[in-house]
Every structure is written in structure tokens, then in C-alpha cells.
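Chain residues, written in single-letter form:
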Amino acid sequence: MSLSVKSPRSLRCLWRGWRGLSSQGGVMNVFDRSMKRRQKQWASSLLDSDKYDYLRDEVGSRLADRVYDVSRTFPLALDVGCGKSHIAEHLSKRNRKKCEMPTQCVLADEEFLPFKENTFDLALSSLSLHWINDLPGALRQIHQVLKPDGVFIGAMVGGETLYELRCSLQLAELEREGGFAPHISPYTAVTDLGNLLGRAGFNMLTVDIDEVQVHYPGMLEVMRDLQGMGESNCAWNRKSLLHRDTILAAAAIYKEMYGNEDGSVPATFQILYMIGWKPHESQAKPAKRGSANVSFADLSKISKFPTDPQKS
Amino acid sequence: MSSSNVWSRSRARMRLFPELLAQCSGEAAAYGKCVASTTTGKQELTKNMCVKEFEALKSCFQSAAKKGVK
């Protein structure tokens, strides 16, 4: 496949925003979106907010790699939950001619995309889908705003992200308080992701997992960096208080159970990458039943020397 | 700099936490081992199962904090 991809000529960013109306009936309401907006605003108002960008930059560059792997040009692209445009800076660095991509930032809610149908050739999303309440609905909206034969390339944290932190807090709360409450938000499993994308109408799906392990001096630094990234918990069922004793106990457990030899502790981020295409006639379809012209029984004949005139 | 309020003061106190914990690494390791052993054993973890080790860790932590404040 040729890798001659010109960078997108124009990119629209979508910043997460305020959700005015209440949710429709029957939709899951797991996260407090207004709280998440306040957390993100606080995180970006920090003086040293660049210190916490390492994970987003890394995932943004890997996502940009995947965009370059697709041998097509995309005149108009949408970045859902762009934050500080971590993907866009990697897309424009590659192009030696240094053409600046015109970008426009729109403050909106991911669950209510304010765009017309069939507008975008490419939709991107990096590390922002895990705070959406109605993930099937959001994927359906992304599917709608894409043009036919458009592609959605996304990355979200999922699966066993931060399992060390989750287990340490759980054990500490059990030992200290006799019960435990969820402190880590629920994540999408990789097996569910294929279903979600299929239900939203995407086909030719590709889903893969990547693990990023970051080493920290201790549990408190993990929590502080998560806070600085704007990734604090905002689920409705979160406990608003974490006892001093529990924090002490959890830090000790984390170091003992998961610590490395040099005294640092790892934190695992499992990133799920997904690629889905909006259906179009030019895409390859599965062959019709009964159209096969070779038989599986001929597989045994493959071992014969290729110059054999018999067709296998 | 913004004015000092309860959030900035409590965050400043939390910043000292890792240093103080480092001074009690022995007690922390003992407590961690006690809890970790219950995950592999047959018995489930119940409240105050490792209370002795935790009390040792807590008193070490508090004395380290007192020394630090002076």
C-alpha cells in the first residue's frame, strides 16, 4: 500500500462542553459531565499543565501513525475531544513542507455533535470517549457526520487500565473500613468495542490494544498526575472522601504488591485503538454464498510442487 | 499567587506524604505483605485483619510528620 497521504487540509476540534438538557429516558447516566468540565478547566488552568501531557502526546502520535497508514487524503477532519490538539501537532510535524493546517475549535458536547450529516472525511478521537455516558449514541452521531467511505479512527482507555490503583484502593478499604466503593471509573472491555462500533453502523472494523506502562515514585504521584491530566473521577457513584488511613494503607499495598526493584511503581494504561469505516459501495463486501470456485478439499494439493500444471 | 485556602493548604500537606512514607518503608512493606498474603490464601480479607502492622505504620508515619513540622 502506498503511504502517500497528505495531511488533512483543515481540522475542526471539538472541546467537551456543557450539557444543558437532561438525558433521554433509557440512556445510562454514569458520569457527571458538568463536574468533568469543571475538572478539565481546573486542570488546564494549572501553571504547569504541560507536565501532564505525556500520555496524551504519546497516544496522539500513535493515532497519527494510524492515520498515515491509511492511503487516502482527507480534506476535512473532525477531532472529538481534542484537548490541546495532541493529534494535530503530530500530523503536521510529519509533513516536511510545514504546511499549517487550518483548525477551528468548537465548544460542544460529544453526545450532541453540532454538525450536518455527511460532512467529514475523517473523524478522530483520542482519550476522551471514556467519559461519555451514551457511548453507542455518540458513536452513532460520529457515524452520521462522516461522509460515506469516511473513516473513524479512535483511541480510548479501556480494559484493565489502572488495575494496580484499583486493586490497592480496594484492598486498603476492605482492610481499613470493612467495605469498598468504586474509585476508578468503569471502562469498556475490548470485546464490547466491536459490538459498539457495529451497532453504530461502522464496518471493516479494526480493534487492537496497546499497553502503556508509566512508572511513578509512588501511589500519590499517580493520583496527582491523573488529577493534573483532568482525569479525576466524576462518576455519580463516587465517594467524595478518602480517609487518611486508607490512603496510607493503599500506598503501602501498592508499593508492596506492584513495586519495582528500584522503588518505583507502575501504572498501566490499556489503550484500545479502533478503526471503522462508514459503508460505501466501493468497499469490499463479503462474497455471496455459493460463489466459491475452489474447494477446501484442494488444500491438500497445495503441498505439490508449484510447477504442477494441475490447478490447486 | 492565589490566596491560601483550605484546598491549597491540604494539597501542600499531601505533597509531604511521599517523603514521610519513605521514612517508614519497613513498616509499609510489612503491612503490604500482610495484606498481599490474604489475596493468595483461602481466607477473605476482612476488616482489621492486619491492624497490628497498620498501627505500627501509622505511628511511624505520625512521628515522621512531627519531626518534619519542627
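Position numbers for residues count from 1 along each chain, tracking the sequence in the order it is written. By the order in which they are written, chains take letters starting at A while ligands take numbers starting at 1. For this predicted model, a pLDDT threshold of at least 70 governs which residues receive local features, and a threshold of 80 or more governs which side-chain atom pairs are given and counted, while totals over whole chains, interfaces and linings are taken from all residues. Side-chain measures were taken over the full set of non-hydrogen atoms in the model, leaving aside hydrogen atoms and water.

(A) Structural detail: the overall build of chain B. Within chain B one finds 4 helices and 0 strands. Helix and strand definitions here come from DSSP, where helices need a minimum of 4 consecutive H or I residues and strands a minimum of 2 consecutive E residues; each element is numbered from the N-terminal end. In sequence order, the secondary structure elements of chain B are arranged as α-α-α-α. Against the compact-globule benchmark of 11 Å for 70 residues, chain B has a radius of gyration of 16 Å, which places it well outside the compact range. The dimensions of chain B, computed from C-alpha atoms along their principal axes, are 55 × 25 × 15 Å. The burial tally for chain B puts 26% of its 70 residues in the buried class. Using a 1.4 Å probe, accessible areas were evaluated by the Shrake-Rupley method; residue-level cover was limited to the displayed protein chains. A total of about 5000 Å² of accessible surface is found on chain B, and carbon and sulfur atoms cover 58% of it. The charged-residue count follows a simple rule in which Lys and Arg add positive charge and Asp and Glu add negative charge, with His and chain termini not counted at all. Think of each charge as sitting on NZ of Lys, CZ of Arg, CG of Asp or CD of Glu. The average position of the 12 basic charges and that of the 5 acidic charges among the side chains of chain B differ by 9 Å. Throughout, the radius of gyration refers to the C-alpha atoms, and the reference size of a globule is 2.2 Å times the residue count to the power 0.38. Burial classes: relative accessible area under 20% of the type maximum marks a residue as buried, over 50% as exposed, and values in between as partly exposed (1.4 Å probe, protein chains only).

(B) Examining the overall build of chain A more closely. Looking only at helices and strands, one finds 8 helices and 7 strands in chain A. When the 312 residues of chain A are sorted by exposure, 48% land in the buried category. What makes two residues a contact is simply this: any of their non-hydrogen atoms within 4.5 Å. Within chain A, contacts between residues separated by at least 24 positions form 86% of all contacts whose residues are at least 6 apart in sequence. Per element, the accessible surface of chain A, about 16100 Å² overall, is 54% carbon and sulfur.

(C) View of the environment of H130 of chain A. Residues and elements named next belong to chain A. Its location among the elements puts H130 in the loop between β4 (120-126) and α4 (135-145). Distance from H130 to A108, taken between C-alpha atoms, is 17 Å for residues 22 residues apart in sequence. If we ignore the near neighbours within four places in the chain, the residues touching H130 are F31, M156, V157 and E231. What qualifies as a polar contact is a pair of N or O atoms within 3.5 Å, subject to a donor-acceptor requirement within protein and to the restriction that residues adjacent in sequence count only when both atoms come from side chains. Within polar-contact distance, the side chain of H130 engages the side chain of E231 at 2.7 Å.

(D) A look at helix α2 (residues 54-69) of chain A. Each helix should span, by expectation, one fewer than its residue count multiplied by 1.5 Å. Between its terminal C-alpha atoms α2 of chain A stretches 23 Å, which fits the 22 Å expected from 16 residues at 1.5 Å a residue. The complete set of buried residues in α2 of chain A reads L55, R56, V59, G60, S61, L63, A64, R66, V67 and Y68 of chain A.

(E) Spotlight on the nonpolar core. The criterion is simple. A nonpolar core is a set of buried Ala, Val, Leu, Ile, Met, Phe, Trp, Tyr and Cys residues joined through side-chain atoms within 4.5 Å. Of all hydrophobic cores here, the largest spans 67 residues; its most connected members are I153, L165, F269 and I271 of chain A together with Y31 and L57 of chain B. No other element matches helix α8 (residues 244-258) of chain A, which puts 9 residues into this core. If sequence neighbours within four positions are ignored, I271 of chain A has contacts with V59, L127, A155, M156, V157, D208, I209, D210 and V212 of chain A. Ranked by size, the runner-up nonpolar core spans 24 residues in total, among them L76, L113, I132 and L139 of chain A.

(F) Examining the side chain of S49 of chain A more closely. If you trace the backbone, S49 of chain A turns up in the loop between α1 (33-45) and α2. In contact with S49 of chain A, not counting residues within four places along its chain, are A43, S44 and K84 of chain A.

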